[in-house]
Amino acid sequence: MEIITTKSALQQAVASLKAEKKTIGLVPTMGALHEGHATLIRQAVRENDAAIVSVFVNPTQFNNKEDLAKYPRNIARDAELLGSLGVTYVFAPEPEEMYTAEEMAQPFEFDFGGLDKMMEGKMRPGHFNGVVQVVSRLFYLALPDRAYFGEKDYQQLAIIHFMVERSSMHGTFGNLQIIDCPIVREASGLALSSRNERLSEDEKQTALAISRTLIQSLEWAKTMSVEEVRQRVIDTINAVEGLEVEYYEIVDQTTLLPATEFGHAIGCVTVYCGPVRLIDNMKYQV
Ligand code: PAF
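Now for a look at the structure at hand.

Rules and cut-offs
Residues numbered from 1 in each chain as written. Predicted model: local features only at pLDDT ≥ 70, side-chain atom pairs only at ≥ 80, totals over all residues. Heavy atoms only, no water. Helix = DSSP H or I, 4+ residues; strand = E, 2+ residues; numbered from the N terminus. Polar contact = N/O pair within 3.5 Å; in protein donor to acceptor, adjacent residues only side chain to side chain. Contact = heavy atoms within 4.5 Å. Axes fitted to C-alpha atoms, helices over the stretch in contact; angles between N-to-C directions. Parallel < 35°, antiparallel > 145°, perpendicular 65-115°, else oblique. Left-handed = near helix turned anticlockwise from the far one by under 90°. Nonpolar A, V, L, I, M, F, W, Y, C, P; charged D, E, K, R; others polar. Pairing = 2+ DSSP bridges. Core = buried A, V, L, I, M, F, W, Y, C linked by side-chain atoms within 4.5 Å. Buried < 20%, exposed > 50% of the residue type's maximum accessible area, 1.4 Å probe, protein only. Expected span 1.5 Å × (residues − 1). Arc of directions from axis to C-beta. Salt bridge = Lys/Arg side-chain N within 4 Å of Asp/Glu carboxyl O.

**Quick look at the side chain of Ser211**
Phase 1 of the analysis: Within the secondary structure, Ser211 sits in helix α10 (residues 201-220).
Phase 2 of the analysis: One polar contact links the side chain of Ser211 to the main-chain carbonyl oxygen of Gly189, over a distance of 3.2 Å.
Phase 3 of the analysis: Once residues within four sequence positions are removed from consideration, Ser211 is found in contact with Arg185, Ser188, Gly189, Leu190 and Asp280.

So, in structure tokens, the structure goes:
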């Protein structure tokens with residue numbers, strides 16, 4: 001495994017792989033790697049001749065400076081894990097390598113066809129512009145055949161699909177395939193997240209109410225309306241001391257518009273557990 005920190009070195013490495021007709025799997029990450037990332041990376045290693053993992057805490061997707069400052073970083077531990085997973089290249093640039101000062105300061109604007117108007121997009125203005133800015137740059141640099149993303153960030157995944165489908169109409173990303181990877185949970189049900197590192201053991205126990213309630217809601221959906229289930233999920237989580245729901249929306253899995261029925265719907269939740277903002281989701285199959 002080789003750690004690369006410049007765009008030009010990555011482009012050279014990619015050119016060599018392409019010359020040897022090797023397929024490339026890309027896993028974009030912001031580091032602080034956990035078993036959820038490891039699952040994506042193992043799949044990328046299995047399905048491609050070479051796997052590239054980017055480790056970059058992208059400043060342009062943080063609308064809150066404190067959140068950016070507190071985002072967990074541990075490149076030494078990440079490198080150790082990546083070395084054990086059979087990754088070919090790790091791309092770990094500094095922000096100045098990725099962006100010019102103008103790109104860092106000036107909001108990048110992209111039309112998401114309305115997919116950014118709700119949930120995370122509404123609560124974190126500019127967030128998805130930053131995500132698409134960095135992900136599209138990584139695609140241009142790494143020229144992957146497949147790119148792997150977790151379903152925990154469901155709205156992000158929907159927006160990345162939209163971006164790739166839209167730009168592939170112009171042939172930008174060739175035959176790039178976006179691979180959706182299911183949420184990985186602890187045995188307790190807690191969705192794995194780099195942000196869990198900021199939870200105390202007590203807070204981790206408290207946070208279990210999030211996945212527990214989402215799982216219960218699958219039962220409620222058999223007899224209650226979408227709006228009743230939405231409200232009951234919010235009330236149940238808010239009743240737990242230490243948790244506060246920011247939003248719970250039950251939306252269509254493709255359009256992300258509010259669902260009126262459970263078929264093809266997904267419930268997406270954001271909850272503050274103390275100061276830590278956690279997200280999770282559950283697909284309904286009623
Ligand atoms: O999901 C993430 O960790 C980030 O949003 C991503 C896709 C690596 C872009 O910075």
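**Focus on the packing of α10 against helix α11 (residues 226-238)**
Phase 1 of the analysis: As a packed pair, α10 and α11 sit with axes 10 Å apart at the nearest point and diverge in direction by 150 degrees. Classified by the interaxial angle, the pair formed by α10 and α11 is roughly antiparallel. Taken as a pair, α10 and α11 cross one another with a handedness that is right-handed. Contacts between α10 and α11 involve Ala209, Ile210, Thr213, Leu214, Gln216, Ser217 and Trp220 on the former and, on the latter, Val229, Arg232, Val233, Thr236 and Ile237.
Phase 2 of the analysis: Of the residues assigned to the contact of α10 with α11, the class counts are seven nonpolar, four polar and one charged.

**With respect to the sheet that holds strand β1 (residues 2-4)**
Phase 1 of the analysis: The strand order across the open sheet formed by six strands is β1-β4-β3-β2-β5-β6, and the pairing between neighbours is parallel. At either margin of the open sheet sits one strand with a lone partner, and together these are β1 and β6 (177-181). Looking at each pair of strands side by side, their axes are set apart by 25 degrees on average, direction ignored.
Phase 2 of the analysis: Docked against the sheet, helix α2 (residues 35-47) engages β2 (24-29), β3 (50-55), β5 (146-150) and β6, running at close to 160 degrees with respect to β5.
Phase 3 of the analysis: Sitting on the sheet, helix α4 (residues 75-84) is in contact with β1, β3 and β4 (89-91), with an inclination near 170 degrees to β3.

**Considerations on the nonpolar core**
Phase 1 of the analysis: One finds Phe139 and Ile178 to be the most contacted residues of the largest nonpolar core, which totals 44 residues.
Phase 2 of the analysis: By residue number, the principal contributor to this core is helix α8 (residues 127-142), which donates nine residues.
Phase 3 of the analysis: Setting aside anything within four residues of it in sequence, one finds Ile178 in contact with Phe139, Ala147, Phe149, Leu157, Ile160, His161 and Val164.
Phase 4 of the analysis: The next biggest cluster of nonpolar side chains, apart from the first, holds 28 residues, and it includes Trp220, Ala259, Phe262 and Tyr284.

**Remarks on α11**
Phase 1 of the analysis: Across its 13 residues, α11 extends 18 Å between first and last C-alpha, which sits within 8% of the 18 Å expected from 1.5 Å per residue.
Phase 2 of the analysis: Of all the positions in α11, only Val226, Val229, Arg230, Val233, Ile234 and Ile237 are classed as buried. All buried residues of α11 fall inside an arc of 135 degrees around its axis, so they share one side.
Phase 3 of the analysis: Considering only its buried residues, α11 is in contact with α10, β7 (243-252), β8 (265-273) and β9 (276-284).

**Examining the pattern of salt bridges**
Note on pairing: side chains with opposite charge can pair once their charged atoms come close.
Phase 1 of the analysis: Applying the stated criterion across every chain yields a total of 18 salt bridges.
Phase 2 of the analysis: Between Asp67 and Arg195 there is a salt bridge whose closest N-O contact spans 2.9 Å. With a gap of 128 residues between them, Asp67 in helix α3 (residues 65-70) and Arg195 in the loop between β6 and α10 connect regions that are remote in the sequence. Comparing Asp67 with Arg195 shows no difference in burial state: the two are buried.
Phase 3 of the analysis: One salt bridge in this structure joins Asp111 and Arg166, with 3.7 Å as the shortest N-O distance.

None of this, on its own, says anything about what the molecule does.
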